Amino acid sequence: MTVKLGPNRYGKAETRLVRVVRDGTTHHIKDINVSSALSGDMEEVHRTGSNAAVLPTDTQKNLVYAFARKHGVEEIEDFALLLARHYVSAYPSIHHARVEIEEYAWNRIPGRSRHSFVRDGGEVRTCVVHHDGDGRTTVVSGLTDLVVLNSTGSEFHGYIVDEYTTLRPTTDRILATAVTARWRHAGDGERPPYARVRECLLDAFAQTHSLSLQQTLYAMGERVLTTWPQVCEVRFALPNKHHFLVDLSPFGLDNENEVFYAADRPYGLIEGSVLREDAPDAGFAWE
Ligand SMILES: O=c1[nH]c(=O)c2[nH]c(=O)[nH]c2[nH]1
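These figures come from a predicted structure and were not determined experimentally.

A. Region of the structure containing the pattern of salt bridges. Here the structure, examined in full by the defined rule, presents 14 salt bridges. Between Asp 31 and Arg 16 there is a salt bridge, with the nearest N and O atoms lying 2.7 Å from each other. Of this pair, Asp 31 sits in strand 2 (residues 26-40) while Arg 16 sits in strand 1 (residues 15-23); the two residues are 15 residues apart in sequence, bridging distant segments of the chain. The shortest N-O distance in the salt bridge between Arg 184 and Glu 233 comes to 2.9 Å. Here the residue Arg 184 occupies a position in strand 8 (residues 175-185), and Glu 233 occupies one in strand 9 (residues 231-240), the gap between them amounting to 49 residues. Of the two residues, Arg 184 and Glu 233, both sit in the buried class. By sharing partners, the salt bridges in this structure join Arg 19, Arg 69, Asp 254 and Glu 258 into a single network.

The structure is reproduced here in structure tokens:
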């Protein structure tokens, strides 16, 4: 019996890239997810294991970052064409390239900051109410998945350094998180409108020059509590959506905080509660 190799392709799926373009203090961001799939003379690698015709998927990933730095990313169709044409023209063993790109839309957070963004849609508004036979009532409002990003105005340094530390201190990084926030209402007075509390969270995120996500968490809680006396406690879960600067020096390219690898896991998870000194007992509110 003889067998043969059927249709096949290979590539790097989901290269996550964020590119920051600076126009003075106004920043623009491009957030994309690039997948390449190449096919051509792939008989040998499958049958004998010879990799002579293989452009490593790792190189395909590097190409995405290097081309983003060299050529910029405007229309995703143009960037996909640039990559696809390069694969087919530069490597004789590659006859066909499929490049798929997803782009994620960001809106500017209104206000003073020109480098603060919120992802389109996706967030979920939440509430949990308790009421018992003794007439006790609690109301906790909240949101999940409010995705925000500052393309500058964030530092992280001065942390514990020991023989296991590899993280480099930074005075300028991207800070991004998907906010889960829940706020507990004191008593049964009028509750602040959801949209206004959300606005406090966004304003504080955008306006805080951050030395850590922990500090930003506190600033967001403080803003809600000082703006709305009816709220007595805010609890947060903030995943640190890491954006790592890509080292493009092996390709002779500099990278002045322009091209980032948007990692999805593992991620830092910063959790905490900010509350009034005299907040009433929470009782079953958080259950
Ligand atoms: O804002 C941060 N807080 C941390 O605790 C931490 N840890 C880390 O590796 N990066 C960061 N960033």
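B. The pairing of strand 11 (residues 259-262), seen in detail. Two strands pair when backbone bridges link them, and strand 1 and strand 11 are joined in this way by 3 bridges, in the antiparallel orientation. Counterpart to Val 18 in the pairing with strand 11 is Phe 260. Across 3 bridges, strand 10 (residues 243-245) lies against strand 11 in antiparallel orientation. What sits directly across from His 243, in strand 11, is Ala 262.

C. Broad picture of the packing of aromatic side chains. Enumeration according to the criterion identifies 3 aromatic pairs in this entry. Between Trp 183 and Tyr 194 the ring centres are 6.0 Å apart and the planes differ by 25 degrees, which places this aromatic pair in the stacked class. Of this pair, Trp 183 sits in strand 8 while Tyr 194 sits in helix 4 (residues 194-207), and the two are 11 residues apart along the sequence. The buried category is assigned to Trp 183, whose relative accessible area is 1%. Positioned above the aromatic ring of Trp 106 is the side chain of Arg 119, whose terminal nitrogen or guanidinium carbon lies 5.5 Å from the ring centre.

D. Fine view of unusual backbone geometry. Of note, the bond from Arg 265 into Pro 266 is cis; its omega dihedral lies within 30 degrees of zero at -5 degrees. Mapped onto the fold, Pro 266 is located in the loop between strand 11 and strand 12 (268-275). Positive phi is not limited to glycine here, since Asn 257 has a value of about 55 degrees. Inspection of the secondary structure puts Asn 257 in the loop between strand 10 and strand 11. For Asn 257, a relative accessible area of 16% puts it in the buried group.

E. Geometry of the domain arrangement of the chain. Under the domain assignment, the chain is made up of domain 1 (15-104) and domain 2 (108-243 + 262-275). Listed as interface residues are 11 residues of domain 1 and, on the opposing side, 12 residues of domain 2. With both sides pooled, the region where domain 1 packs onto domain 2 buries about 920 Å², and carbon together with sulfur makes up 57% of that total. Here domain 1 is connected to domain 2 by 1 salt bridge. Two residues, Arg 119 and Asp 31, come together in a salt bridge whose shortest N-O distance is 3.8 Å. Across the domain 1-domain 2 interface, the total number found is 4 residue pairs in polar contact (both at pLDDT 80 or more). Looking at the side of domain 1 that touches domain 2, the elements with two or more residues in it are strand 1 and strand 2. Of the residues forming the side of domain 1 that touches domain 2, the biggest block, 5 residues, is contributed by strand 2. Counted by class, the side of domain 1 that touches domain 2 contains 4 nonpolar, 4 polar and 3 charged residues.

F. View of helix 2 (residues 57-71). Here helix 2 is 15 residues long and its end C-alpha atoms lie 21 Å apart, about the 21 Å a rise of 1.5 Å per residue gives. Within helix 2, the full set of buried residues consists of Gln 60, Leu 63, Val 64, Tyr 65, Ala 66, Phe 67 and Ala 68. Each element contacted by the buried residues of helix 2 is listed here: strand 1, strand 2, helix 3 (76-90) and strand 11. A positive backbone phi angle near 75 degrees is found at Gly 72, which sits one or two residues after helix 2.

G. Summary view of the packing of helix 2 against helix 3. Helix 3 packs onto helix 2 with a crossing angle of 125 degrees between their chain directions and a minimal axis gap of 11 Å. With respect to helix 3, the axis of helix 2 lies oblique. Note on packing geometry: the crossing formed by helix 2 with helix 3 is right-handed. Here Gln 60, Leu 63, Val 64, Phe 67, Ala 68 and His 71 of helix 2 lie close against helix 3, whose contacting residues are Phe 79, Leu 82, Leu 83, His 86 and Tyr 87. Its residues assigned to classes, the contact of helix 2 with helix 3 comprises 8 nonpolar, 3 polar and no charged.

About the cut-offs
- Residues numbered from 1 in each chain as written.
- Predicted model: local features only at pLDDT ≥ 70, side-chain atom pairs only at ≥ 80, totals over all residues.
- Heavy atoms only, no water.
- Salt bridge = Lys/Arg side-chain N within 4 Å of Asp/Glu carboxyl O.
- Helix = DSSP H or I, 4+ residues; strand = E, 2+ residues; numbered from the N terminus.
- Buried < 20%, exposed > 50% of the residue type's maximum accessible area, 1.4 Å probe, protein only.
- Pairing = 2+ DSSP bridges.
- Phe/Tyr/Trp six-rings, centres within 6.5 Å; stacked < 30°, edge-to-face > 60°.
- Lys NZ or Arg CZ within 6 Å of the ring centre and 35° of its normal.
- Domains from an automatic or database assignment.
- Contact = heavy atoms within 4.5 Å.
- Buried area = accessible area lost by both parts, 1.4 Å probe.
- Polar contact = N/O pair within 3.5 Å; in protein donor to acceptor, adjacent residues only side chain to side chain.
- Nonpolar A, V, L, I, M, F, W, Y, C, P; charged D, E, K, R; others polar.
- Expected span 1.5 Å × (residues − 1).
- Axes fitted to C-alpha atoms, helices over the stretch in contact; angles between N-to-C directions.
- Parallel < 35°, antiparallel > 145°, perpendicular 65-115°, else oblique.
- Left-handed = near helix turned anticlockwise from the far one by under 90°.

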